[in-house]
Amino acid sequence: MKQRTIKTDIGCLNLIEENEKLVGLEFVEGESSYCDDSTLLKHAEKQVQEYLQGKRKNFEIPIFFKGSSFQEQVWNALLRIPYGELRSYQEVAQMIGNPKSCRAVGNACNKNPIAIVVPCHRVVAAHRKIGGFGGGLDCKQRLLEIENIEL
């Protein structure tokens, strides 16, 4: 496993690679000092920074999920939410063919291991209420602003 911590406008993020795929993008408190020099992590850092600067709409980083089959269904559905658009937990539940699983969808979003790249920030509660976010609500609001999404 290789890791690289990057400083961004929204705080420090830890990028995690296994087998030449991104398996984690986590919000970290304080300063970490991971600085593995892999090509993938350098590309991931560049793409995340470009996204946060409003210069990138899509990520071109190989990813790999580690989760239950249900979580992986949800995370794959999140990848289909276009830049600049929102979906509710209910809509994501419908996307995966399980319309009664809104709460479980919310839990899967909460467990999303590859934040930002897998855009759980584009998922909101009913009536376009912001809902939760692992990086904090201010961070979620900032990510929505980058994509010109108003609640």
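Refer to the structure above for everything that follows.
Residues numbered from 1 in each chain as written. Predicted model: local features only at pLDDT ≥ 70, side-chain atom pairs only at ≥ 80, totals over all residues. Heavy atoms only, no water.

Novice: So what's going on with the sheet that holds strand β1 (residues 2-8)? Residues and values would help.
Specialist: Read from one edge to the other, the open sheet built from three strands follows the order β1-β2-β3, with strand pairing classed as antiparallel. The open sheet terminates on both sides in strands that have one partner only, identified here as β1 and β3 (21-28). Averaged over all pairs of adjacent strands, the angle between their axes in this sheet comes to 20°, without regard to strand direction. Relative to β3, strand β2 (residues 11-18) runs antiparallel, the two being bridged by seven bridges. Across the sheet, the residue bridging to Leu 15 is Leu 25, located in β3. Its contacts with the sheet put helix α1 (residues 39-52) on β1, β2 and β3, and the angle it makes with β1 is roughly 25°. (Pairing = 2+ DSSP bridges. Helix = DSSP H or I, 4+ residues; strand = E, 2+ residues; numbered from the N terminus. Axes fitted to C-alpha atoms, helices over the stretch in contact; angles between N-to-C directions. Contact = heavy atoms within 4.5 Å.)

Novice: So what's going on with the environment of Leu 15? Residues and values would help.
Specialist: Looking at where Leu 15 falls in the secondary structure, it is placed in strand β2. Classification of Leu 15 as buried rests on a relative accessible area of 0%. Sequence spacing of Leu 15 and Asn 98 is 83 residues, and the spatial spacing of their C-alpha atoms is 31 Å. Filtering out sequence-adjacent residues up to four positions away, Leu 15 remains in contact with Lys 2, Gln 3, Arg 4, Ile 6, Leu 22, Gly 24, Leu 25, Leu 41, Ala 44 and Glu 45. (Buried < 20%, exposed > 50% of the residue type's maximum accessible area, 1.4 Å probe, protein only.)

Novice: Hey, could you go over the pairing of β2 for me, with residue numbers and the actual values?
Specialist: Buried residues dominate β2, accounting for six of its eight residues. Where β1 meets β2, seven bridges bridge the pair, whose relative direction is antiparallel. When the sheet's bridge partners are listed, Gln 3 is paired in β2 with Ile 16. Here β1 hands over to β2 after two residues, the two strands then running antiparallel side by side. In sequence, β2 turns back onto β3 through a hairpin of two residues, with Asn 19 there showing a positive phi of about 50°.

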